[in-house]
Structures are given as structure tokens and as C-alpha cells.
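# Observations on the model geometry
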Amino acid sequence: MSPNKRSQQGSVYIVAIFVVVVMGMLAMNLNRIQWSSNDTLSRELIGTKAWFLANSGVEWALTQLYPLNQSGLIADLEVRCGDIQRSSSVAAPYLIAQVDVNCHSLSVQCDTINGGELNLIPNELRYFKVTSTAICGDGQGFDIQRQQEAWVKGVSE
């Protein structure tokens, strides 16, 4: 009792359709994994560029705070610390232009830490906090922010 060819034709179509559906689902999942990997790589690249831009902001501020052949006394540093915030608006566009990814914000701040209004910290222990924040991305929800800080001390008199 051998089955004839006609009775087995339907099962070949079912197997072929099953293989096509399984291969399609496999290709779709592999495509999704590749897209996710590319998205992660893009975010990592933009985050790294933002980190380096924030680092450049801190380095720029430190060169303004401690220029060559200038005094490192606390009183002089307090004046230069105040100047950093005013002049960072000029330096930020130049630093942003050096990055080849869409970075649209760089802010550099310098704060004198002296123990608050009561000046609880003696002059020889006062320090300055330089903070630089960079934001890179498309500006429409795909933004990555990185921040760098440096704490520095002056020379007491």
C-alpha cells in the first residue's frame, strides 16, 4: 500500500510555507538586533564626543584660571574665576565647532567654594570648582549630556 503522489502534494506546500515564515521571522529578528546595535553605537559615539567636549571646556577654563606667568594667589583666582563665566560664551562656539558631531550646547562655570555666607573655610583651604557641561545630539529628544568637573586650589598668601 504505497501512497500516491497526489495525496502527498499538500504536505510539501505546508512545509514550504512553514520554512518561509520561520526564515522571515529569523531575518526580521536579525535586522532588529542589527538596528539596536547601530543605535547603541551611535549613542556611544555621541556620548564620547560630548564627554571630550566637556573635557575641553574644563581644560580651557583651567588655562584661563592659571595663565602662564601669572599669580596663583586666591584673590587673583577669584577675579579670574568670575571672568571665566563671562568669557565662556565667546569660547564655547569655537570649541563646539571643533567637534564633527552635532553638539549644540557647552557651558563652563567656575565657582568659589568658601563655606557659604559664613565663610567657614579658612583662606588656605578654599578651592574653586570648574564645571563644564556639553550637550550633543539632534536637539529633538536624542540628546546626550556629559559633565566634567575639576577642583583646584590657589596659593595662600
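For the structure itself, look to the data block above.
Scope of this entry: the structure provided in the associated data block. (Residues numbered from 1 in each chain as written. Predicted model: local features only at pLDDT ≥ 70, side-chain atom pairs only at ≥ 80, totals over all residues. Heavy atoms only, no water.)

## Details of the pattern of salt bridges
The final tally for this structure, using the stated rule, is two salt bridges. The shortest N-O distance in the salt bridge between Arg86 and Asp83 comes to 2.4 Å. Taken together, the residues Arg86 and Asp83, both in helix α2 (residues 74–97) and three residues apart, mark about one turn of the helix. The exposure class of Arg86 is exposed, given its relative accessible area of 57%. (Salt bridge = Lys/Arg side-chain N within 4 Å of Asp/Glu carboxyl O. Helix = DSSP H or I, 4+ residues; strand = E, 2+ residues; numbered from the N terminus. Buried < 20%, exposed > 50% of the residue type's maximum accessible area, 1.4 Å probe, protein only.)

## Considerations on α2
A rise of 1.5 Å per residue sets the reference length of α2, with its 24 residues, at 34 Å; its end C-alpha atoms lie 33 Å apart and thus fit the reference within 8%. Those residues of α2 that sit buried are Ile74, Leu77, Arg80, Cys81, Ile84, Ser88, Ala91, Ala92, Leu95 and Ile96. (Expected span 1.5 Å × (residues − 1).)

## Observations concerning the packing of aromatic side chains
This model, assessed by the stated rule, comprises two aromatic pairs. Plain terms: the ring middles of Trp51 and Phe52 are 4.9 Å apart, the flat faces sit at 80 degrees to each other, and that makes the pair edge-to-face. Centre to centre, the rings of Tyr127 and Trp151 are 5.1 Å apart; their planes meet at 20 degrees, and the pair counts as stacked. Within this pair, whereas Tyr127 is found in strand β2 (residues 127–137), its partner Trp151 is found in strand β3 (residues 143–153), the two being separated by 24 residues in sequence. Overall, Trp151 belongs to the exposed group, its relative accessible area being 55%. (Phe/Tyr/Trp six-rings, centres within 6.5 Å; stacked < 30°, edge-to-face > 60°.)

## Structural notes on the state of the cysteines
Applying the stated criterion across every chain yields a total of two disulfides. Cysteine pairing for the protein chain (bonded cysteines numbered in sequence order): 1-3, 2-4. (Disulfide = S-S within 2.5 Å.)

## A word on the pairing of β2
Judged by how many residues are buried, β2 sits mostly within the fold: eight of 11 residues are covered. In the sheet, β2 pairs with β3 via 11 bridges, with the strands oriented antiparallel. What sits directly across from Phe128, in β3, is Val152. (Pairing = 2+ DSSP bridges.)

## Side note on the sheet that holds β2
Strand order in the open sheet formed by three strands is β1-β2-β3, and the pairing between neighbours is antiparallel. Looking along the sheet, the strands with just one partner apiece sit at the ends: β1 (103–113) and β3. Strand after strand, the sheet turns through a mean of 15 degrees between neighbouring axes, direction not considered. Packing against the sheet, α2 makes contact with β1, β2 and β3, and its axis sits at approximately 180 degrees to β1. (Axes fitted to C-alpha atoms, helices over the stretch in contact; angles between N-to-C directions. Contact = heavy atoms within 4.5 Å.)

Just distances and angles here, no functional claims.
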